[in-house]
Amino acid sequence: MPVGGLLPLFSSPAGSGLGGGLGGGGGGSGRKGSGPAAFRLTEKFVLLLVFSAFITLCFGAIFFLPDSSKLLSGVLFHSSPALQPAADHKPGPGARAEDAADGRARRVEEGAPGDPAAALEDNLARIRENHERALREAKETLQKLPEEIQRDILLEKEKVAEEQRRDRSVFRKLPPVYLMPLIGPVDQEPTDAAVRNKRAKIKEMMKHAWNNYKRYAWGQNELKPVSKEGHSSSLFGNFKGATIVDALDTLFIMEMKDEFEEAKSWVEENLNFDVNAEVSVFEVNIRFVGGLLSAYYLSGEEIFRKKAVELGVKLLPAFRTPSGIPWALLNIKSGIGRNWPWASGGSSILAEFGTLHLEFIHLSYLSGNPIFAEKVMNIRRVLNNLEKPQGLYPNYLNPSSGQWAQYHVSVGGLGDSFYEYLLKSWLMSDKTDLEAKKMYFDAVKAIETHLIRKSSNGLTYIAEWKGGLLEHKMGHLTCFAGGMFALGAHDAPKGLTEHYLQLGTEIARTCHESYNRTFMKLGPEAFRFDGGVEAIATRQNEKYYILRPEVVETYMYMWRLTHDPKYRKWAWEVVEALENHCRLKGGYSGLRDVYLSRESYDDVQQSFFLAETLKYLYLIFSDDDLLPLKHWIFNTEAHLLPVLSNNIKKAEVNDQ
Ligand code: DMJ
């Protein structure tokens, strides 16, 4: 209720979201006007709406301003006489913005907007505007008769169902598609025996992870290696087989042919999207759509294309918002979407709606239907039309108003893969998508100015920007950015190629340090550069490691682009640490605290461990002719998509 209850206050599709649910639950038209029982039900509905509006009014500010204390402290902070430029940054007690309210000496980050009061005023204006709109919509709904509300609900449901029927029929028959001759999906063994052995070891790790999943959790989403049973996170709703779909291309590349065949058979016989499931659009896109597309391009097996397009069609109703910015969550059966309730008053998240582009362009290419590309090009148009604070992209966007919500900026969680997809859109288009290129380099320039800092001992890190103040923390997720900077370096604006390669090198080093400064030699979820520490997690809830790939991802790009042997050395350290601390008889597990000398397991073998971590490690110990970067793009889940040279024209977007 708290989630759905807030939704009608935003827009008509959202209103239909709750309405659809209630209508269905209440028995729909069967009970309409059939007596006092039905009247009580609609009465309840009206009460629910009033209650929702009340809750929103009372608690809206909490959603919109979870960091309001920091903004306020920013105001005090700004008036402090003890301001110093960022270049003098010396982490230590007192460097944190939270302390500003205590009246101790503080500093404002150079390049942050000079006026936090204005930022606060902006945020408040946005809140006011959103609340007023919410109230207006609630009032309009309340003025309707109960029968009218029910009729609207039914009409909306029918409309969604009709659209879904139409979409499905369009895609039933897929056109012939020209598959480019693939370069490098399989390769020769490395000639150097030591490298060959290391690569063989990583393949053995994949076998261990796969065999245990097969033995204890076959068909489920993920494996619990301690309990030796299946695990499913709510991200996938009732979808099944996340590990199978995520692992397909790694199995192919490692030439695990029998395993690839059994995975393919499972997809043919069991992968079913006709379920009543509320899923994360982003997760399903990067893991399921991405995994199926990649398997199709590598193997040429038609079943993977068919399933990818079928799933893509199922995701289309997520875009039914006033701005076309998709919902984060979608009920695949009803086509009704909503956003995470914790996301700045029900906003959509940059890293989620900004991480659909690569897969959707390929869906249009493979289906011959431009609709997918149109959806993601519209996202880009909305973003391009918005003013960006200091050239930065905030993490939250209201899909009803098409305006930014909170001013939080991050290259880690909530923002990360949006930047990655800008660069990769440019590369995947065979360098014809100049708009993506410009957006990427403009964004990186702003990030460098406002978020990237150097610690007093010379470690470069990417901080988080909150309404103009910096939080000197870097997430494990942010570590992918080293590889991204290096990958984009070649096409950087004049004179900046070396600079971006260097930036990639420095981020890789910082992330290596975050691993090296732990007992387990595996990095924490987030590490800080304040309170006298550098690259160390200081909060208990940031000390875990869940088999994430971002650090080895950066090593992979750095290795390919520089061939500096230290990246193979560092990658091997990760292999040893995984073997020493995460490997169990029943598979691989994440760790609750990487600073302890004794393992405490989280009991989850994440599907991305097979899709990404092991794939990147394997590539580091392979020759460059296995999947050359010139011809292949890795989606954010490390699934492979070929560069669409001239063929992209066949799926060209009608970008009205
Ligand atoms: C993966 O699912 C993807 O890499 C995503 O972009 C971010 N998080 C996980 C792995 O950490």
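Residues numbered from 1 in each chain as written. Predicted model: local features only at pLDDT ≥ 70, side-chain atom pairs only at ≥ 80, totals over all residues. Heavy atoms only, no water.

So, on to the overall build of the protein. Scanning the protein for helices and strands turns up 21 helices and 19 strands. Taking all 656 residues of the protein together, 60% fall into the buried category. Contacts in the protein between residues far apart in sequence, at least 24 positions, make up 72% of those at least 6 positions apart. Surface accessibility of the protein: about 25500 Å² in total, with carbon and sulfur atoms responsible for 53%. (Helix = DSSP H or I, 4+ residues; strand = E, 2+ residues; numbered from the N terminus. Buried < 20%, exposed > 50% of the residue type's maximum accessible area, 1.4 Å probe, protein only. Contact = heavy atoms within 4.5 Å. Areas by Shrake-Rupley, 256 points an atom, 1.4 Å probe, with all protein chains shown as cover.)

In this section: the state of the cysteines. Scanning the entire structure with this criterion turns up one disulfide. There is a disulfide in this structure between Cys479 and Cys511, and the S-S distance comes to 2.1 Å. Measuring handedness by torsion sign, the sulfur bridge of Cys479 and Cys511 sits at about -95 degrees and is left-handed. Here the residue Cys479 occupies a position in the loop between strand E14 (473-475) and helix H17 (480-489), and Cys511 occupies one in helix H18 (residues 497-516), the gap between them amounting to 32 residues. In this structure, Cys479 and Cys511 share a single accessibility class: buried. (Disulfide = S-S within 2.5 Å.)

Every residue close to the ligand is listed here: Ile286, Arg287, Leu477, Arg548, Pro549, Glu550, Phe608, Glu612, Thr636 and Glu637. Relative to its unbound accessible area of 290 Å², the ligand is 92% covered by the protein chains. Among the secondary structure elements, those contributing two or more residues to the shell around the ligand are helix H10 (281-299) and helix H21 (607-620). Counted by class, the shell around the ligand contains four nonpolar, one polar and five charged residues. (Near = heavy atom within 4 Å. Nonpolar A, V, L, I, M, F, W, Y, C, P; charged D, E, K, R; others polar.)

The next point concerns unusual backbone geometry. Positioned with a positive phi, Glu255 is a non-glycine residue whose angle comes to about 55 degrees. In this fold, Glu255 is placed in the loop between helix H8 (242-253) and helix H9 (257-270). One non-glycine residue, Ala638, lies in positive phi territory at about 65 degrees. Structurally, Ala638 can be placed in the loop between strand E18 (632-634) and strand E19 (640-642). In this structure Ala638 comes out as buried when scored by relative accessible area, which is 0%.

The next subject is the side chain of Arg380. For Arg380, the position within the fold is in helix H14 (residues 371-385). The class for Arg380 is buried, based on a relative accessible area of 5%. For Arg380, the side chain forms a polar contact with the side chain of Asp433, separated by 2.9 Å. Apart from residues lying up to four places away in sequence, Arg380 is in contact with His357, Ser425, Asp433, Glu435, Ala436 and Met439. (Polar contact = N/O pair within 3.5 Å; in protein donor to acceptor, adjacent residues only side chain to side chain.)

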